[in-house]
Amino acid sequence: MKPKTAPETALWWLGLAIASYCLLPWYWIDLSNGLNVTGWPVGASGSALARGIAGSKPWLLTLLLPLGLAALALMRRGQREHRGALLALAGALGLALLLAQGFLIGLKGWNAAWAASLFGGNPTQDGLGFGGFLTLFCFLLLLCEGLAMRGFCRGDAFIVSAIGVIVTTIIIFVFFPVTRVLSQAVWGPEGWIFGTFITKITDRSIWGLDCLTSTLNCGVAWNTVFLGIFVGVMCTLLGLAFALIATRTRFPFKRALTLFSVLPIITPPFVIGLALILIFGRSGVVSNLLYEWFSIPRSRWIYGFTGISIAQILAFTPISFMMLIGVVQGIAPSLEEASQTLRASRWTTFRTITFPLLRPGLANAFLVGFIESLADFGNPLVLGGNFEVLSTKIFFAVVGSAVDESRAAILAMVLLGFTLLAFWAQQAWIGKKVYTTVVGKGDAGLPSPLPRPIAWLCGLVTIPWVIFSLALYALILVGGFVKALGRDYTPTLQHLTTAFKINLDGGPIFTGSAWDSLFATLEVALLSAPLTAAIGLMTAYLLSRQSFAGKRSFEFGTMLSFAIPGTVIGVSYILAFNVPPFELTGTGLILVICFMFRNMPVGVRAGLATLSQIDKSLDEASLTLGAGSATTLRRVILPLLRPAILASLVYSFVRAMTSVSAVIFLVSAKYNMATTYIVGRVEAGEFGIAIAYSAMLIVFMLAVILFIQLAVGERRLGRRALSTPMPTS
Amino acid sequence: MAKVKAPVEFRNVSKRYGAVTAVDDVSFRIPAGTLVTLLGPSGCGKTTTLRLIAGLEMASAGRIFIGDEDVTALSAAERDVSMVFQSYALFPHMSVLENVAYGPSVQGLKKADAEAMAAEKIRLVGLSGLEKRAPSELSGGQQQRVAVARALVLEPKVLLFDEPLSNLDAKLRRRVRDDIRQLQTDLALTVAYVTHDQEEALAVSDEIIVMSNAKIAQIGSPHALYEEPSNLFVADFIGDANIIDATLMACDGRLGTIQLGEMLLTLPHRGAQPGTIKIAARPDALTLSKDGEGLPGTVTKSSYLGKVREYTVKTALGDLFITAPGRSDAFPPQSHVVVRFTNSGIVVLPH
């Protein structure tokens, strides 16, 4: 049995396209009240063919042309290349027609004046539904099959299709929304609005520098940048101190430090801020004690720059620690030993060898801290006070009392500009300069211990910090189980029962107020995790194993969504997917899609790292044995990728559970997420419930991670070498 | 094996990567049932040529035929070709049996049938009893045989070897080399074999294709390549050779009169034009003696290797590399000697 040649699978796609064009509901129908098919095949749930013929949507009939062309290409005899060209043309034409109709004809008529004057009439249509999306998908695959028949990617239709699908979805769900934001800023209902754009983007409220000369606040852009720089520097220094202690001293609790590095992953981003309020807020634990013992008046000092920066440093130091521990371990000990044999003292060695080798890694860690701070939304939201940063300002421009979408778009542009600049600097300049001195050869040297003053300094900085972090987490775990933290320490389960009450009379009924959001979150997270892992690992496979034109830009595109702050994604999704042809806001689907494309880069990285350890000739051996690339992927690559699959599954699941910045724009009454529910409770002052819920989330996710780590750990015990065996006899 | 073996043919095949040409307008034919070696230094394009046969690389120009079929546009999975990889490329998550049964099972055969076919080939390579082992639990030589069994299981029209011995130690190499040759002649397989080791190539091949700088330098039987190299590259690459400048004085039929310093030699001129030419002399074609007629010289280096003695002798024609039997009398460095040219092992290089 030979692998299916292009025409055979192409026939399937053509059949599916025709079926969905003729039979399935073309437009989006609301399924929340059950499937309503009155009037099918015409009516609201009618198919494209029926509604085209019935006269209400005549433009849908134009799609018969590409369908016919595709059929011609597949039925006709002739040279493979020529038929491929015709098929690709049919697919491209179908895509173009479908998208052009979708963007030109909106809910209320023509979207463009020139189209209205050209075609006349006032046609209207809804967003694409099941039939529309499926037909779009089939046209895309027909295009890919055609290109494969033309010899793209060694004529491998599976690979061309995978590239086509990933590129198209990235264009639709990353580039299209982002350009929508940018166009919103310069393009109003009456055409270009450059004047307003220039005024708005140079506004004093964004770029003012009053804080340097007076007591007024600086512009929101400067606030954000100052905060980012401060947090970046502090995180880097603290992370370095931790990394040095963990690798270069005989510090007894090194293992515990690894746990410390897991914490930020499972902690919803605003929880640290919340805990800080409960300690240092006006009725916080410490504030109360200070007042009662020393009569220090309660104040709001924690709200603003101080509070946000403390919260962010607490939250992001572990990330910087994880990056820097790799850098510190990566310095070959023999370099330091070489220096010492040249009669340099420990201190001189540290100053002239170790530290210079660390420098690019430090710059890298700084940039990551900077980007994280810029993108953070939860902590500024709960701790901001009068201190505004871009991410919260964008949020209030969309949901606040004065809704101003173009202002939101402009702020989003500024924020995006900053992060992309930092991201670019990290990728282009520093990323390549990191001195990884780990080579294939074993290095028998021993890392030299730290000079004593530095060891002491590191200890002095890190130990109080660890204690402080531990106190915060202890507080989070305890805080949900006392009446009111700071005032009334009577133990109670009241908050927990309010949130998670289960009525057992007559079968379990989940009456607690948090259940809905928890179930919705689980549903979305469980759905998005496998999809995220799949698209991420597929991308990694394409990047590491296939060569095709435009691979570099493909890679950049897949990493881009990682650099875009969540708030910007949120705003852009609202702007882009609120109107046809992709009308998705208010559905659970938009949340799933949002998570997929935000968390996909992690899957890509994990996949690339593992794939680089798998010998390419394994794929080739499978290919020469007659397996197509799809079979090879399934039977050879996937089994060997298992650790990467698990890692990206866990990571995308946890991120979906804990993220807040993008989803806060996208949640709806039906799909409220756990994090947005908690933020809502914080804003309503119900700290007890908020903290009890957060604690539950943290414990739940810690359990998930530990469970997965155990599962992965057991797999390693099996006698199966991951990399190819070294063939020495 | 039931299937008819097929020849492989390249017609003006080129492979370019951007500005780099890895294979440049190459044409050759591997007759059915023969073992043909692609030999050359690293980077000469021999592995790329092999991968072009397998379909792991696609030709930029030219056509490739297996049997009567034009396979130029077919992917690796669609070609009836198997390959034994340099690293063996055994699937680490499968047992020996699963590895060998992989080919038939992806062709859609039932598991039992696939495993029966696999077991037969495992027996053929002499590994019966090790079916359940993981590849990492085998020695290098055993892994190599699993790789061969896996490549044979589909009874391909063409079998490809990419430097199959490079990961084995020297002793094992000779045995495995003989095993491969034995298997190939027993089953009358069409085999393309890549190596950079000229001795290995001479030992196993029916025919050798010597490649240099993406082009074919010479095609011929091992004997023809060694005794009648058609150019300087082949003469130098296969076996050692002293390349000496000479003058072709006159041609008479097949033979020519060649002036070499003070000496005159009569050798086949092989189509060279009168004038300055180069001749290649094998180290064992030159003999040393204390005195008598010949080219005088001084020994500058002398080493004893057991089977032979190696000398470097400084003469008017340049430094000459000469071997003598190990049991002959030794000439210490600085001793004056006379070099004589024997009748065999010396050829005119036509180009």
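A quick note: this is a predicted structure, and the numbers were derived from the prediction, not measured.

**Details of the confidence of the model for chain A**
All names here are of chain A.
Working step 1: In the predicted model, chain A carries a mean pLDDT of 82, and 91% of its residues have values of at least 70.
Working step 2: Ranking the helices and strands of chain A by mean pLDDT puts helix 6 (residues 130–149) first, with 91, and helix 12 (residues 254–266) last, with 71.
Working step 3: Low pLDDT, under 50, characterises residues 438–442; the stretch is placed with one contact to residues that sit more than four places away or in other chains.
Working step 4: In the predicted structure, residues 714–729 sits below a pLDDT of 50 and forms 26 contacts with residues beyond four places in sequence or in another chain.

**Regarding the domain arrangement of chain A**
Residue and element names in this part refer to chain A.
Working step 1: Segmentation of chain A into domains returns domain 1 (6–115 + 122–150), domain 2 (219–404 + 415–480) and domain 3 (509–716).
Working step 2: Together, the buried faces of domain 1 and domain 3 total about 810 Å²; carbon and sulfur atoms form 79% of this surface.
Working step 3: The largest per-residue losses of area from domain 1 upon contact with domain 3 belong to Trp28, Leu107 and Phe133, which jointly make up 43% of the total buried on that side.
Working step 4: Our enumeration of links across domain 1 and domain 3 arrives at zero salt bridges.
Working step 5: If you look at where domain 1 meets domain 3, you find two residue pairs in polar contact (both at pLDDT 80 or more).
Working step 6: Elements supplying a minimum of two residues to the side of domain 1 that touches domain 3: helix 4 (80–104) and helix 6.
Working step 7: No other element matches the three residues that helix 4 contributes to the side of domain 1 that touches domain 3.

**Here's the deal with the environment of Glu137(B)**
Residues and elements named next belong to chain B.
Working step 1: With respect to the element layout, Glu137 can be found in the loop between helix 3 (111–124) and helix 4 (140–152).
Working step 2: Taking the relative accessible area as the measure of exposure, Glu137 reaches 31% and is therefore partly exposed.
Working step 3: Through-space distance from the C-alpha of Glu137 to that of Ser95 is 9.7 Å; in sequence the pair is 42 residues apart.

**Re the domain arrangement of chain B**
All names here are of chain B.
Working step 1: Parsing chain B into structural domains produces domain 1 (8–232) and domain 2 (240–349).
Working step 2: Between the C-alpha centres of domain 1 and domain 2 the distance comes to 39 Å.
Working step 3: Between domain 1 and domain 2, roughly 650 Å² of surface is buried when both sides are summed, and carbon and sulfur atoms account for 56% of that area.
Working step 4: Three residues, Tyr226, Pro229 and Leu232, lead the burial of domain 1 against domain 2; their summed loss comes to 65% of the area buried on that side.
Working step 5: One can count three residue pairs in polar contact (both at pLDDT 80 or more) joining domain 1 with domain 2.
Working step 6: With three residues, helix 7 (residues 222–227) is the single largest residue contributor to the side of domain 1 that touches domain 2.
Working step 7: For the side of domain 1 that touches domain 2, the per-class residue count stands at four nonpolar, two polar and two charged.

Cut-offs applied
Residues numbered from 1 in each chain as written. Chains lettered and ligands numbered in written order. Predicted model: local features only at pLDDT ≥ 70, side-chain atom pairs only at ≥ 80, totals over all residues. Heavy atoms only, no water. pLDDT = per-residue confidence, 0-100. Helix = DSSP H or I, 4+ residues; strand = E, 2+ residues; numbered from the N terminus. Contact = heavy atoms within 4.5 Å. Domains from an automatic or database assignment. Buried area = accessible area lost by both parts, 1.4 Å probe. Salt bridge = Lys/Arg side-chain N within 4 Å of Asp/Glu carboxyl O. Polar contact = N/O pair within 3.5 Å; in protein donor to acceptor, adjacent residues only side chain to side chain. Buried < 20%, exposed > 50% of the residue type's maximum accessible area, 1.4 Å probe, protein only. Nonpolar A, V, L, I, M, F, W, Y, C, P; charged D, E, K, R; others polar.

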